[in-house]
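Listed here are the chains, written in short residue letters.
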Amino acid sequence: ERGQIVAMTGDGVNDAPALKAANVGVAVGSGTAVAKEAGQIIIADGDFNSIVVGVREGRIIFENLKKAVTFVISHALPELLPYVLAFALNIPLAIETIVILLIDLGTDMLPGITIAYESVDDRIMSLPPRSANDHLISPKMLILGYLFAGVQITFFAYWNFFWVFIVGYGYSFNDLRGAKQGTYRKEYVDLDSEQQTYYSNLCLKSPDFYNGRGGAATACAQGNMGEFVSWFGDVVSEAQAAYFIALSVMQLANCLSRRQQIMSLFDPKQKLNWRMLLSMLFSIGFMCFFVYVPKLNTAFFLRGVNPKLSTAFLWGAGVMILIEEVRKFICRRWPHGHVARLTLF
């Protein structure tokens, strides 16, 4: 009548109707055959404490499943936004579709799975029962995944992307306005007049290209522009590799933060999840393999990037963990505050 899930325990013939009517009928293994037939669950050892153990295990599974889903949806924004910005701002695309597959099926998959092996904090059995209308994915998870973690990952991935252009090759943001998506993968003669003019002007701002090729006047002559567009395509591939590296590593930092909802990552009570550590090592190796192995990286529109450029974002991983630690502290200190109500699921 109140819309709650009702569990009933019993072992005798008289308990059978109640066991049958309840949402969850729990019969005792030593009880009558009628009671065991009416119940949905049978306690084989006859110990009612097993019910508590079962509830705890169920809550752990559901909690870890929600944390894993929150981790997975965190990379949706940094994978989608580059296409929006490339179209809206007329800048190079930060990540190719095929590289998104490397993230979803490679660097992110195993760390996400290992969240299922996490232990839970002490609050798990003090939480009230979930409503029968609760769903696996809640608005709080979307807030934490998309707006909290996703925005940070996107920001630092783009930081790494533009770092290659600005620090590595001396371009400004405005210099990149006009490099429409995919034009840097084409032959110069196949570009329209507007794009040919853009790349001719960009060549004059590219000393890394024309130094050693006879100067800007010679290297950027009409007959050599095909070589420049190909060279600039390699620069974009380096920047995309830097974006890929930053996104993957930031997701690993996010994975560490997702281990517990309110317990600090540095709490002595945190148990070692060796599966997660091994999965992170695999993800880093997987990422480096596709970025730095010749021929293979070009198949994925990537190019080996100088580690001094590709690691410019690393401070962001520390910032992300720090922000998450502050959020957890606020949730522990004010469990009924606005931050807890918006982010604890």
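Everything below is about the structure printed above this text.
In short, a report on the structure. (Residues numbered from 1 in each chain as written. Predicted model: local features only at pLDDT ≥ 70, side-chain atom pairs only at ≥ 80, totals over all residues. Heavy atoms only, no water.)

Concerning the overall build of the protein
- Along the backbone of the protein there are 17 helices and 3 strands.
- The principal-axis extents of the C-alpha atoms in the protein amount to approximately 100 × 40 × 35 Å.
- For the protein, the residues scored as buried account for 47% of the 345 residues in total.
- The long-range fraction of contacts in the protein, counting pairs at least 24 apart against all pairs at least 6 apart in sequence, stands at 69%.
- Carbon and sulfur atoms provide 64% of the accessible area of the protein, an area that totals close to 17500 Å².
- A gap of 5 Å separates the mean positions of the 29 positive and 28 negative side-chain charges of the protein. (Helix = DSSP H or I, 4+ residues; strand = E, 2+ residues; numbered from the N terminus. Buried < 20%, exposed > 50% of the residue type's maximum accessible area, 1.4 Å probe, protein only. Contact = heavy atoms within 4.5 Å. Areas by Shrake-Rupley, 256 points an atom, 1.4 Å probe, with all protein chains shown as cover. Lys, Arg positive; Asp, Glu negative; His and termini not counted. Charge placed at Lys NZ, Arg CZ, Asp CG, Glu CD.)

Remarks on the state of the cysteines
- Scanning the model with the defined rule gives 1 disulfide in all.
- Through a disulfide, Cys203 is tied to Cys220; the S-S separation comes to 2.0 Å. Measuring handedness by torsion sign, the sulfur bridge of Cys203 and Cys220 sits at about -85° and is left-handed. Taken together, the residues span a long stretch of sequence, with Cys203 in helix H9 (residues 193–203) and Cys220 in the loop between helix H11 (216–219) and helix H12 (225–257) at a distance of 17 residues.
- Among the cysteines around Cys288, which has no disulfide bond, Cys255 carries the closest sulfur, lying 18 Å off.
- On the basis of relative accessibility, which here comes to 31%, the residue Cys288 falls in the partly exposed class. (Disulfide = S-S within 2.5 Å.)

A closer look at the pattern of salt bridges
- On inspection of all chains with the given rule, the structure shows 7 salt bridges.
- In this structure, the salt-bridge partner of Glu324 is Arg258, at a minimum N-O distance of 2.5 Å. Taken together, the positions of Glu324 in helix H16 (residues 314–333) and Arg258 in the loop between H12 and helix H13 (274–292) put the pair 66 residues apart, joining distant regions of the chain.
- Judged by its relative accessible area of 2%, Glu324 falls in the buried class.
- Overall, Arg258 belongs to the buried group, its relative accessible area being 4%. (Salt bridge = Lys/Arg side-chain N within 4 Å of Asp/Glu carboxyl O.)

Overview of the sheet that holds strand S3 (residues 41–43)
- Taken in spatial order, the 3 strands make up an open sheet running S1-S2-S3, and their pairing is parallel. Taken across any chain shown, the strands that pair with only one partner, and hence form the sheet edges, are strand S1 (7–10) and S3. Each strand of the sheet is rotated relative to its neighbour by a mean of 25°, with strand direction disregarded.
- Pairing of S1 with strand S2 (residues 24–28) involves 4 bridges; the strand directions are parallel. The residue of S2 that forms the bridge with Thr9 is Val26. (Pairing = 2+ DSSP bridges. Axes fitted to C-alpha atoms, helices over the stretch in contact; angles between N-to-C directions.)

Some points on the packing of helix H7 (residues 139–169) against H16
- Two elements in contact, H7 and H16, have axes separated by 10 Å at closest approach and are oriented at 160°. Accordingly, the angle class assigned to the pair H7 and H16 is roughly antiparallel. Of the two elements, H7 crosses H16, and the hand of that crossing is right-handed. Every residue of H16 that contacts H7 at Leu144, Phe148, Ala149, Gln152, Ile153, Phe156 and Trp159 is listed here: Trp315, Gly316, Val319, Met320, Ile323, Glu324 and Arg327.
- Here the residues of the contact of H7 with H16 sort into 10 nonpolar, 2 polar and 2 charged. (Parallel < 35°, antiparallel > 145°, perpendicular 65-115°, else oblique. Left-handed = near helix turned anticlockwise from the far one by under 90°. Nonpolar A, V, L, I, M, F, W, Y, C, P; charged D, E, K, R; others polar.)

Looking at the packing of helix H4 (residues 76–89) against H7
- Viewed as axis vectors pointing N to C, H4 and H7 meet at an angle of 55°, and their least axial separation amounts to 8 Å. Judged by the angle between their axes, H4 and H7 are oblique. Like other packed secondary-structure pairs, H4 and H7 cross with a definite hand, here right-handed. Residues Ala76, Leu77, Pro78, Leu81, Pro82 and Leu85 of H4 pack against Tyr146, Gly150, Val151, Ile153, Thr154 and Tyr158 of H7.
- Class assignment for the residues of the contact of H4 with H7 results in 10 nonpolar, 2 polar and no charged.

What to know about the nonpolar core
- Counting 64 residues, the largest nonpolar core has Phe165, Tyr171, Tyr199, Phe228 and Phe232 as its most contacted members.
- For this core, the element with the highest residue contribution is H12, accounting for 18 residues.
- Contact partners of Phe228, with chain neighbours within four places excluded, come to Tyr171, Tyr199, Leu202, Cys203, Ser206 and Phe209.
- One finds Ala68, Phe71, Leu252 and Met276 within the second-largest nonpolar core, a separate group that totals 7 residues. (Core = buried A, V, L, I, M, F, W, Y, C linked by side-chain atoms within 4.5 Å.)

Description of the environment of Ile98
- Its location among the elements puts Ile98 in helix H5 (residues 97–107).
- A sequence separation of 135 residues divides Ile98 from Gly233, and the C-alpha atoms of the two residues are 16 Å apart.
- Apart from residues lying up to four places away in sequence, Ile98 is in contact with Ala299, Phe300 and Phe301.

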